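# Summary of the model geometry
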Amino acid sequence: MLWSLGSSLLETFHGKESLLYLVGLVKLVAAVTPVILSHLGWWKPRLTRAACWVGGSGLIVWGGLNTVVGNLVLSGAIQPSSGFDRPGMIGHAWLWDPLFLAWGASLVVGLLASRPVPAQG
């Protein structure tokens, strides 16, 4: 599935493909750390939730905008002056960017579903 990343990204990481594993590891740590901290009873849940809100919102904006723009480029509504890598654009518009959007939306839905219940007194 390397074709779906785009030729410019592949050229950037040519000979340094192992760095992509590091990027994946960082994303995995970012995804599971809040869950682990929550289960361990971390003493700063509001800080973790705030960071998750920022991350989820950023993922929604990033994934959403790039999905829309990528599909506009593919449809011809936007025509980059320097051209574009069609297979890479398809990979981003139809796979990678929608996945970022889904990740952010899932995070926000999870945050909404796990809101602390205010104490009634």
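Residues numbered from 1 in each chain as written. Predicted model: local features only at pLDDT ≥ 70, side-chain atom pairs only at ≥ 80, totals over all residues. Heavy atoms only, no water.

Now for the confidence of the model for the protein chain. Of all residues in the protein chain, 99% have pLDDT values of 70 or greater, and the mean over the chain is 91. Per-element confidence in the protein chain ranges from a low mean pLDDT of 85 for helix H1 (residues 7–12) to a high of 96 for helix H3 (residues 45–75). (pLDDT = per-residue confidence, 0-100. Helix = DSSP H or I, 4+ residues; strand = E, 2+ residues; numbered from the N terminus.)

Helix H4 (residues 86–113) packs onto H3 with a crossing angle of 150 degrees between their chain directions and a minimal axis gap of 7 Å. By the angle between their axes, H3 is roughly antiparallel relative to H4. For the crossing formed where H3 meets H4, the hand is left-handed. Looking at side-chain class alone, the contact of H3 with H4 contains 20 nonpolar, 10 polar and three charged residues. (Axes fitted to C-alpha atoms, helices over the stretch in contact; angles between N-to-C directions. Parallel < 35°, antiparallel > 145°, perpendicular 65-115°, else oblique. Left-handed = near helix turned anticlockwise from the far one by under 90°. Nonpolar A, V, L, I, M, F, W, Y, C, P; charged D, E, K, R; others polar.)

Let us look at H4. Look at H4: 39 Å from first C-alpha to last across 28 residues, which is about the 40 Å you get at 1.5 Å a residue. Taken as a whole, H4 carries its principal kink of about 45 degrees at His92. Three or more residues of H4 are buried, namely Gly88, Ile90, Gly91, Ala93, Asp97, Phe100, Gly104, Val108 and Leu111. Contacts from the buried residues of H4 go to helix H2 (18–39) and H3. (Expected span 1.5 Å × (residues − 1). Bend = angle between axes of the 7 residues up to and from the residue. Buried < 20%, exposed > 50% of the residue type's maximum accessible area, 1.4 Å probe, protein only. Contact = heavy atoms within 4.5 Å.)

Let's shift gears to the side chain of Thr67. Along the chain, Thr67 turns up in helix H3. Take Thr67: its relative accessible area is 14%, and that puts it in the buried class. Of note is the side chain of Thr67, whose polar atom sits 2.6 Å from the backbone oxygen of Gly63. Discounting residues that sit within four places of it in the chain, Thr67 has contacts with Ala93, Asp97 and Pro98. (Polar contact = N/O pair within 3.5 Å; in protein donor to acceptor, adjacent residues only side chain to side chain.)

For the rest of this paragraph, the subject is the environment of Ala113. Relative to the helices and strands, Ala113 resides in helix H4. Remark: the alpha-carbon pair of Ala113 and Pro45, spanning 68 residues in sequence, is separated by 15 Å.

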